[in-house]
Amino acid sequence: MPDTISPSPSHSVLSASDWVRRWSHLVPPSASVLDVACGTGRHMQWFAGRGHTAIGVDRSPEAEEAARQFGEVLRADVENGPWPLAGRRFDAVVVTNYLWRPLFPHLLDSVAPGGVLIYETFAIGNESVGRPARPEFLLQPGELLTLCSGLRVIAYEDGFLPEPARFVQRIVARRETSPSTEVFQAQLCAPV
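Just so it is clear, the model here is predicted, and its values are computed rather than measured.

A. Seen up close, helix α2 (residues 42-49). Across the 8 residues that make up α2, a large majority, 7, are buried. Looking at α2, one finds that the buried residues are Arg42, His43, Met44, Gln45, Trp46, Phe47 and Gly49. Its buried side turned inward, α2 meets α1 (18-23), β1 (32-36), β2 (53-58), α3 (61-67), β3 (72-75) and β4 (90-96). Just downstream of α2 lies Gly51, where phi reads positive at about 90°.

B. View of the sheet that holds β2. Judged by pairing direction, the sheet is mixed, and its 7 strands sit side by side in the order β3-β2-β1-β4-β5-β7-β6 without closing on themselves. The sheet is open, and its two borders are formed by β3 and β6 (152-161), each paired with just one other strand. Pairwise comparison of adjacent strand axes, ignoring direction, gives a mean angle of 10° for this sheet. In terms of strand pairing, β1 meets β4 through 4 bridges, oriented parallel. When the bridges of β4 are listed, Val36 appears paired with Val95. On the sheet, α2 packs against β1, β2, β3 and β4 and is oriented at approximately 145° with respect to β4.

C. Quick peek at the pattern of salt bridges. All chains considered together, the criterion is met by 9 salt bridges. The shortest N-O distance in the salt bridge between Arg88 and Glu72 comes to 3.4 Å. Linking Arg88 in the loop between β3 and β4 with Glu72 in strand β3, this pair joins segments that are 16 residues apart in sequence. Take Glu72: its relative accessible area is 36%, and that puts it in the partly exposed class. When salt bridges that share partners are traced, they join Arg22, Glu120, Glu157 and Arg170 into one network.

About the cut-offs
- Here, residues in each chain are numbered from 1, in the same order as that chain's written sequence.
- In keeping with the model being predicted, local features are shown solely for residues with a pLDDT of at least 70 and side-chain atom pairs are shown and tallied solely at 80 or more, while totals for entire chains, interfaces and linings include all residues.
- Heavy atoms throughout the structure, all of them, feed into the side-chain values; hydrogens and water do not.
- Each residue gets one of three labels from its accessible area relative to the maximum for its type: buried under 20%, exposed over 50%, partly exposed in between, using a 1.4 Å probe on protein chains only.
- In DSSP terms, a helix is any run of H or I states spanning at least four residues, a strand is any run of E spanning at least two, and both are numbered starting from the N terminus.
- By the convention used here, residues are in contact when the closest approach between their heavy atoms is within 4.5 Å.
- Two strands qualify as a pair provided DSSP detects at least 2 bridges between them.
- In this analysis an axis means a line fitted to C-alpha atoms, helices contributing only their contacting stretch, and an angle means the value between N-to-C directions, from 0 to 180 degrees.
- When a carboxyl oxygen of Asp or Glu lies within 4 Å of a side-chain nitrogen of Lys or Arg, that pair is called a salt bridge.

Given below as structure tokens:
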């Protein structure tokens with residue numbers, strides 16, 4: 001299966017983050033994937049190319065125009081307006097290079113039972129190598145672990161990455177289905 005689908009000639013899309021690519025196998029076939037602050041849609045492109053339904057949200061009209069070739073895009077200012085996806089759940093929620101702490105509850109609520117959160121953004125220390133450098137845009141040590149305390153953490157990293165030089169924190173966490181749901185499903189699948 002190819003790594004990407006070809007964007008239209010007028011839009012050049014960067015490749016998906018290594019972290020997202022590494023953990024995208026956890027997203028079941030034909031699943032719905034929400035890309036928050038999707039930009040030009042590099043992660044929407046990645047997941048659409050893998051047969052998933054990609055949904056993006058971004059406040060930029062240019063991002064909306066570029067990303068809509070990969071799926072549904074909602075233009076919304078999630079920092080100054082309401083969460084545009086209230087009540088909707090996704091099999092995967094992807095966030096990269098974006099941090100708006102008031103959005104955390106909405107992100108967690110958007111992960112469906114059995115779904116995953118794949119999150120990667122800048123962390124404290126990044127101010128020593130570049131931008132962003134303001135503390136409100138940098139994760140504190142262990143902050144994503146605290147955010148995902150109600151989920152099953154599958155992978156977590158916090159540290160320095162070269163090329164380009166940056167400090168990041170990243171996590172993959174699954175919202176487990178309830179034990180009663182698993183028992184019910186097992187009973188449905190049991191031979192009669």
